[in-house]
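The lines below spell out each chain.
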Amino acid sequence: MVLATLILAAISYDTTAVRVTVEPQPAYIEQSASAQLVNFDLILDNTADEPLDVDEVQVSVHDRAGKLVLRKFVDGNGARPSIRTIDVAEVPAKGKALLFNPFDRFDRDLDLSSMTYDLKLSSKNGERRFASRVTVTPKPYAGKAALILPVKGRMIVYDGHDFYAHHRRWDYTIPFLQQLGFRTNFMRYSYDFVPVNAEGAMSEGDDAKNEQWFGFGREIRAVADGTVAAVVDDQPDDRNFDPSSIAEHGTMRIWGNYVVINHGRGEFSVFGHIRQGSSRVKVGQRVKRGEGIAAIGASGSSMFPHLHYELQTGIDTNSEGLPSTFHDFVRVQGARRIAVPAGIVESGEIVESRP
């Protein structure tokens, strides 16, 4: 034990070659029914002339008095090391890599005043060691618009924005996505809503036919008062999205048909994959909370009929996602129904709007 301590103490770390920053800024805290959620990325900028492996990521949480309240880490120790759960195999030489924050969920009563991340990296031959540190001060997001669920009736949150959700795992630093024009994770806090029947099924019959999905053609409603900022309504519901169309038509093409509503005070709602020809609104029109605006479809980059919904800071994909708190809905847990005056919804949950 003493020998191991001496060996560790002898290791020299270069603390200048790798810079770690946090995106987006500010970083927000969401309050779920059971936990505090933090959703941000660590951007690793390697100035060294060789690729580096990520060996350890550690977070130290301090309260508002500066006292340590929690420390967690992933590293290379053990038969199947936890560091293998980090999907950043390496940081390229003189390049950048995005690392999804691996510590995204904390107890509701924990003071998250500051979170210090310490990273250790090494050269491929293990002869050079590197270290970097960044501190995050996440803040709870106070939503300005009082949102309701965008679809009436019962639905499953097919994919939300938890650590494993595809919305969360949008790596906008991938060269292909950069070439298409994506620069942020605009869908960082988004949801795919799919209407279901009483048994929780999303469709019946032939899933290849849009009409066999219970949600296809279901009304979409405005989640809050606002002004329509953008509308596209002419894309087919063919589930045959061609990414090359983005080069000609822009990054919002992924939504196929969509409506964007400006709620004011920096909050915009995006409703994507809308049914062709179903939009009832036009740019500049004022809409009221609960008003029907379109119908669920399968246009754009859509595997099947569903509604993609997100709250964000602007009108297009150059925006950043914002946490969304929904009001007056029910969580359906089998035979149990839980009335929720206000809260977030998470991947896999079955929820129902109140009449």
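Residues numbered from 1 in each chain as written. Predicted model: local features only at pLDDT ≥ 70, side-chain atom pairs only at ≥ 80, totals over all residues. Heavy atoms only, no water.

In total, this model carries 15 salt bridges according to the counting rule given. The shortest N-O distance in the salt bridge between Asp41 and Arg188 comes to 2.9 Å. Separated by 147 residues along the polypeptide, Asp41 in strand β4 (residues 41-46) and Arg188 in the loop between α2 (175-180) and β13 (191-195) bring together distant segments of the chain. Considered together, Asp41 and Arg188 belong to a single accessibility category, that of buried residues. The shortest N-O distance in the salt bridge between Arg280 and Glu219 comes to 2.9 Å. With Arg280 in the loop between β17 (267-272) and β18 (286-287) and Glu219 in strand β14 (residues 219-221), this pair connects stretches of sequence that are 61 residues apart. (Salt bridge = Lys/Arg side-chain N within 4 Å of Asp/Glu carboxyl O. Helix = DSSP H or I, 4+ residues; strand = E, 2+ residues; numbered from the N terminus. Buried < 20%, exposed > 50% of the residue type's maximum accessible area, 1.4 Å probe, protein only.)

Further remarks concern unusual backbone geometry. Here the residue pair Glu23 and Pro24 is connected by a cis peptide bond, since its omega of 0° sits within 30 degrees of zero. The residue Pro24 is located in the loop between β1 (18-23) and β2 (28-31) in this model. Of the consecutive residues Gln25 and Pro26, the connecting peptide bond is found in the cis state with omega at 0°. Positionally, Pro26 belongs in the loop between β1 and β2. Of note in the backbone geometry, Arg239 takes a positive phi value of approximately 55° without being a glycine. Along the polypeptide, Arg239 turns up in the loop between β15 (226-232) and α3 (245-249). Of the residues examined, Arg239 reaches a relative accessible area of 24% and is grouped as partly exposed. Phi at Asp328 takes a positive value of approximately 60°, unusual for a residue other than glycine. Examined against the element boundaries, Asp328 turns out to sit in strand β22 (residues 326-333). Asp328 sits in the partly exposed class, given a relative accessible area of 42%.

Right, let's talk about the nonpolar core for a bit. By size, the foremost hydrophobic cluster in this structure holds 37 residues, and its most contacted members are Phe193, Phe271, Ile293, Tyr309 and Phe326. For this core, the secondary structure elements donating two or more residues are β3 (35-38), β12 (154-159), β13, β16 (258-264), β19 (292-295), β20 (307-312) and β22. The biggest single contributor to this core is β20, with three residues. Listed in part, the 33 residues of the second largest apolar core include Ala27, Val38, Ala48 and Val54. (Core = buried A, V, L, I, M, F, W, Y, C linked by side-chain atoms within 4.5 Å.)

This part takes up the packing of aromatic side chains. Counted by the stated rule, this structure contains 15 aromatic pairs. Judged by centre distance (4.8 Å) and plane angle (65°), the rings of Tyr28 and Tyr141 are edge-to-face. Linking Tyr28 in strand β2 with Tyr141 in the loop between β11 (139-140) and β12, this pair joins segments that are 113 residues apart in sequence. This pair shows no difference in class: Tyr28 is buried, exactly as Tyr141 is. Taken together, the aromatic side chains of Tyr191, Phe193, Phe271, Tyr309 and Phe326 make up a single cluster linked through ring pairs. (Phe/Tyr/Trp six-rings, centres within 6.5 Å; stacked < 30°, edge-to-face > 60°.)

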